[in-house]
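Commentary on secondary and tertiary structure
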Amino acid sequence: MSAAVETAEALARRLSEARGWRLVANSVYSVDVGMDDNKLCGHYRPPRAAGEVAGSVFIIWEDGTVSRGRIDSKTLARLPRDIELWRSLAYRDDDAAHIAELTPPTQVELFDPRVSDIVTDDAGPVFEAISQIAAAAREGGADVVDAGVGCSAVETVIATSNGLWVKYPETSVWCSWSIDKTMSGIRLGRDRETLAGLARAVSVAGRLALAARVRVKVDARDMRVVLTPRAAESFIGHYLLHNMLGENVAEGRSRYSLEQFREGSRVFRSDVSLVIDTAVPMGPGSYLCTSEGIPSGRAVLVEGGQLAAPILNIKYARRCQMAPTPIPASGMPPGHAGLTLRAENMEGWTELLSGADDVILVDSVLGMHTQDPTTGNFSLAVPDGIVVREGQYAGAAKVVISGNFMSAMNEADTRFALSDDDPNPGIELMCHVEG
Amino acid sequence: MRVGACTEACRAAVGRAEALGVYAVVRVQDKIERAVGVVNGRTDLKSVEEVSGVGVQVFTASGLAGFASSDTVTPGSLVDLVESAARLARESGAYGPEPAKGIERVRPLVAQAHREAPMGIHAIGHAREEELVADICRMTMEIDSRLAVRTFYRIVDEEWRIVRSDGTDVMFSMPRAAVMNMITARGDSHTATVNASLSGEDASVIASPEGRLRLEKRTVKAARTALALLGAPRARAGSYRIVIDYALAKGLAHEAFGHAAESDCMETSILGREGRFRVGERVAADIVTIVDGPLEGDYAYQPISANGIPRETVEIVKSGVLVRALADVFSAQQAGVPVTGAGRAESFRHVPVPRMSNIRITVDDPLPIDLAFEDVAPQDVRDCLARAGLLLESAPVLYLSGYKGGQVNPAKGDFVFNCSAIYELTPTDIRLCQPAIFSGKVLSALGSIIAGIGHPILDAMGTCGKSGQRVPSSGGGNMFLVIDGNEEITIGGV
């Protein structure tokens, strides 16, 4: 029995007198290795192994107050004391004081035993993968390579006082690389194949980094800007996700009000949709059910350009008098977490790029986290905006791009283009560019 | 101290390391963190977290390094971690790793630096904490019905113990607390979000009359700014003479300069040449000084590094000239600088890297201003500039108020940060404009500082992200800095 299961079982017994409870406990084991400035490992990025129990518990006491607590490997040994500690911090939150009715979790495949073996027995594939990344980057002409590769194996228990008891294993694999401190990429997955064929993915960043070595001048003007799928992820995460979170909608911190969702207000172009799907087999952000016991699945947030539903946990679902939705996993780009933006008749990414002329291709921006997501306005530095002329990289310029991302989602001339490698499309939109 | 209880486990680790022929650095962390969140007057969160764990880093004689961590701190667990880290270190040898060197050159230290905060984590009960935070939130909401407010308070009592194979055994504490008011104003078709915060080492930020008064003043100022921004125009993009407040000055010092002065990135930093720190080179006017170091009572206080070396106060720039880098034991020699004890780690799970604590940028002979920072209005800034002959007839001077975060690429010297609001100051008018990014080249910005206004204020709080780790940071500068127009520094654009 894993430490997570043991802890969860003990907690469930101890909490039997509470009005309600739910918990999530994970036994997490991981291994990773990194490279900084072409140096594999060294002091700052040594191979690392980690193991711990992590999780949380939510309790509704007899008087209706609620408590939240953290679970770790010590919880089991100090249970009576921890429960008293959590009780001492109980507070009133009537919308939150609810345990989901028992619903069978969605069956989603999330585990690859070969990845688990890497974590527990043989870290060799992790070293080999980072060596592949470095070799591919150097072959592409990189001067400076930074990279990281890691795997984890987790046993998760999710349980509630309404009878839910879900126990499942999952594995995760992550790879990241940066070429010449300018262009970068990531690959996330759950199976052993995530570590294969990295050279082609690395070469995409490598070609951009090579193009960035030639500096060109860009005059200040309004012009077309193409966000790579990676750059588009950061816009989707910062602007769309923030304004779709039920907590922000209900508390007045979103661009959109609850009434707008109820009325189905049109906020984007009529062919644009936004969907969350957390039940993609082997999806990096997939799961069986949320930590609250809500089954994993698909929810439409924007359909036909109209607001359909915010992302709602139990508390805000009750406050908004709407159904709870799946929640995107944290700690990864929104597309990998299952949040995808779509438009009708999307082009292919390669076709969009090959047909691009007099545009700035943006792969990363500085300062996204400093922008106010509610306004939609952005004013961002792009140290290496790639100038594309007649489908060819003509060099790079440091530019500042500005505009309004939410307005762009409503513009007829905004273009979306999907690649095979990315969950969200690249986006071409009009911006003001300062050279 | 709580970390004093793990002596047996630390000894077991060091003993096992010796038996395996490796050098070990054991880092034990024990953190208690309590938080209260109130949203629009209703309690949204009350939590307490007790986190403890240990990370073990080992080095073989040939410089192979490995790391293992666990949230179980027992002799048996630590022995397992040493073995796991040593196994990984040796396994890495087949892939041509960079040798890790330097730890063998430092002297052993046995010390304890326990900082007892006057209003520490146990000084105020949970219920009173909740009342105080809710009161701040409601007070903010009462300013105007168009405001949505999230007030978040966190108090942390964090202890570390660093034990090394050379006999080093140090313990230190890092108490801190902060309260943040996130204020969103909503108009018919616009929204604007601004923040007001106060940080320190203990609950005095919400519970002392002085703390409460300062927070109230900051909150009222921020809320009024948010409301005024609803109808504000945008500033025209371009290069201007600008005035930044001390929080933005901290951003400039931290994001634009401090990271480039960290010894681990000297091979690619703009402050490095051929991997070595450019000591003796002029980077700013001779009125400019930049210092980093721990301050007692500060939000980012850390007296000893995560490698067990006392943290020094470092003059990075003195009279405009580069003097010292922020260096840890592993990259100091290669960067050609002395070790300053700059290694910090977010948690027991992380490997320490050189980074800042409290960084401040100050200017000699600042222009006087006889007001507390919270009481300074844009008019006061303009009058001060006018008295000093720094207001321009030909173009507005832009006063950037409030820091909303930033980012830097130390290898290229590009920085960007954002403010809460911009005021266009002219001899005849003051116009509030929407915030826009302040971006440019690090050395251009430093070289363009022409004046300071007011005495230094050093409590601008933040969270510093580097190498996937987030640690508390703080700093500041003179109440305001004046940066001359420079085509490599731009506002906007729009």
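Summary of the structure given here. Because the structure is a prediction, the values reported are computed rather than measured.

Definitions and cut-offs
Residues numbered from 1 in each chain as written. Chains lettered and ligands numbered in written order. Predicted model: local features only at pLDDT ≥ 70, side-chain atom pairs only at ≥ 80, totals over all residues. Heavy atoms only, no water. Helix = DSSP H or I, 4+ residues; strand = E, 2+ residues; numbered from the N terminus. Rg over C-alpha atoms; globule rule 2.2 N^0.38 Å. Contact = heavy atoms within 4.5 Å. Areas by Shrake-Rupley, 256 points an atom, 1.4 Å probe, with all protein chains shown as cover. Lys, Arg positive; Asp, Glu negative; His and termini not counted. Charge placed at Lys NZ, Arg CZ, Asp CG, Glu CD. Buried < 20%, exposed > 50% of the residue type's maximum accessible area, 1.4 Å probe, protein only. Core = buried A, V, L, I, M, F, W, Y, C linked by side-chain atoms within 4.5 Å. Buried area = accessible area lost by both parts, 1.4 Å probe. Salt bridge = Lys/Arg side-chain N within 4 Å of Asp/Glu carboxyl O. Polar contact = N/O pair within 3.5 Å; in protein donor to acceptor, adjacent residues only side chain to side chain. Pairing = 2+ DSSP bridges. Expected span 1.5 Å × (residues − 1). Patch = residues over 30% accessible without salt bridge, like charges linked within 9 Å, V, L, I, M, F, W, Y side chains within 5 Å.

**Overview of the overall build of chain B**
Assigned secondary structure in chain B consists of nine helices and 24 strands. For a compact globule of 494 residues, the expected C-alpha radius of gyration is about 23 Å, and chain B comes in at 24 Å, within 12% of that figure. Once the C-alpha set of chain B is aligned to its principal axes, its extents read approximately 75 × 55 × 40 Å. Contacts in chain B between residues far apart in sequence, at least 24 positions, make up 73% of those at least 6 positions apart. Of the accessible surface of chain B, which amounts to about 16,900 Å², a share of 48% is contributed by carbon and sulfur atoms. Both charge centroids of chain B, one from 52 positive and one from 60 negative side chains, sit 2 Å from each other.

**Description of the overall build of chain A**
In terms of helices and strands, chain A carries 11 helices and 18 strands. Computed over its C-alpha atoms, the radius of gyration of chain A comes to 23 Å, within 12% of the 22 Å expected for a compact globule of 435 residues. Seen through its C-alpha atoms, chain A measures out along the principal axes to roughly 70 × 55 × 35 Å. Here chain A holds 435 residues, and 62% of them are scored as buried. Across chain A, contacts joining residues at least 24 apart in sequence account for 71% of those joining residues at least 6 apart. Counting every atom, chain A has about 15,800 Å² of accessible surface; 49% of that belongs to carbon and sulfur. Looking at chain A, you have 42 positive and 57 negative side-chain charges, and the mean spots of the two groups are 4 Å apart.

**Notes on the nonpolar core**
It is characteristic of soluble globular proteins that their nonpolar side chains tend to be buried jointly. The biggest cluster of nonpolar side chains holds 74 residues, and the ones touching the most others in it are Cys151, Trp177 and Ile386 of chain A together with Val26 and Val58 of chain B. Per element, the largest residue contribution to this core is eight residues, and it comes from helix α4 (residues 124–139) of chain A. Ignoring any residue separated from it by four or fewer positions in sequence, one finds Cys151 of chain A in contact with Tyr29, Ser30, Val31, Val115, Ile118, Val119, Val126, Ser172, Val173, Trp174 and Leu195 of chain A. Val38, Ile155, Tyr246 and Leu391 of chain B belong to the second largest nonpolar core, which has 60 residues in total.

**Notes on the interface of chain B and chain A**
Taken residue by residue, the interface counts 81 residues in chain B and 72 residues in chain A. Across the chain B/chain A interface, buried area totals approximately 5,900 Å², and carbon plus sulfur atoms make up 50% of it. Considering only the surface of chain B that becomes buried against chain A, Glu50, Asp71 and Tyr95 of chain B emerge as the three largest contributors, covering 12% of it. Linking chain B with chain A are six salt bridges. Note that Arg81 of chain A is salt-bridged to Glu50 of chain B, the shortest N-O span being 2.7 Å. Here chain B is connected to chain A by 33 residue pairs in polar contact (both at pLDDT 80 or more). Looking at which element gives the most residues to the side of chain B that touches chain A, the answer is strand β2 (residues 42–59) of chain B, with 14 residues. Of the strand pairs in this sheet, strand β3 (residues 48–60) of chain A and strand β3 (residues 65–70) of chain B are connected by four bridges, and their pairing is parallel.

**Some words on the pairing of strand β21 (residues 438–441) of chain B**
Within a regular strand, the side chains alternate between the two sheet faces. Residue and element names in this part refer to chain B. As judged from the four bridges shared by strand β19 (residues 414–425) and β21, these two strands associate in the antiparallel manner. Within β21, the position partnered with Asp414 by the bridge is Lys441. Note that β21 and strand β24 (residues 489–491) share three bridges and pair antiparallel. Its bridge partner being in β24, Ser439 is matched across the sheet by Thr490.

**Digging into the pairing of strand β5 (residues 147–164) of chain B**
Residues and elements named next belong to chain B. Most of β5 is tucked away: 17 of the 18 residues are buried. Two strands pair when backbone bridges link them, and strand β1 (residues 23–39) and β5 are joined in this way by 15 bridges, in the antiparallel orientation. Paired with Asp30 across the bridge in β5 is Glu159. As judged from the 10 bridges shared by β5 and strand β7 (residues 176–186), these two strands associate in the antiparallel manner. Among the inter-strand pairings, Tyr153 is bridged to a residue of β7, identified as Val179. As judged from the five bridges shared by β5 and strand β6 (residues 169–173), these two strands associate in the antiparallel manner. If you follow Trp160 over to β6, its bridge partner there is Phe172. As consecutive antiparallel partners, β5 and β6 are separated by four residues, and within that stretch Gly167 has a phi angle of approximately 100°, a positive value.

**Quick notes on helix α6 (residues 246–258) of chain B**
All names here are of chain B. With 13 residues, α6 should cover 18 Å at 1.5 Å per step; its first-to-last C-alpha distance of 15 Å lies more than 12% under that length. α6 sits mainly inside the fold: 13 of its 13 residues count as buried. For α6, the side-chain oxygen to backbone nitrogen distance between the N-cap and Ala247 is 3.1 Å, and the N-cap itself is Asp245.

**Notes on a negative patch on the surface**
A contiguous patch of negative charge, built from Asp117, Asp121, Asp122 and Glu128 of chain A, is present on the exposed surface. Here Asp122 of chain A shows up in the loop between α3 (113–120) and α4.

**Remarks on the environment of Gly187 of chain B**
Residue and element names in this part refer to chain B. Along the chain, Gly187 turns up in the loop between β7 and β8 (191–200). The class of Gly187 is partly exposed, set by a relative accessible area of 29%. A sequence separation of 35 residues divides Gly187 from Phe152, and the C-alpha atoms of the two residues are 24 Å apart.

**Let's talk about unusual backbone geometry**
We note that Met282 of chain A has phi near 60°; this positive angle belongs to a residue other than glycine. Tracing the chain through its elements places Met282 of chain A in the loop between β9 (272–277) and β10 (298–303). A residue is classified by how much of its surface remains accessible, and Met282 of chain A, at 17% relative accessible area, is buried. Even without glycine at this site, Glu274 of chain B takes up a positive phi of about 50°.

By themselves, these are just geometric observations and shouldn't be taken as functional.
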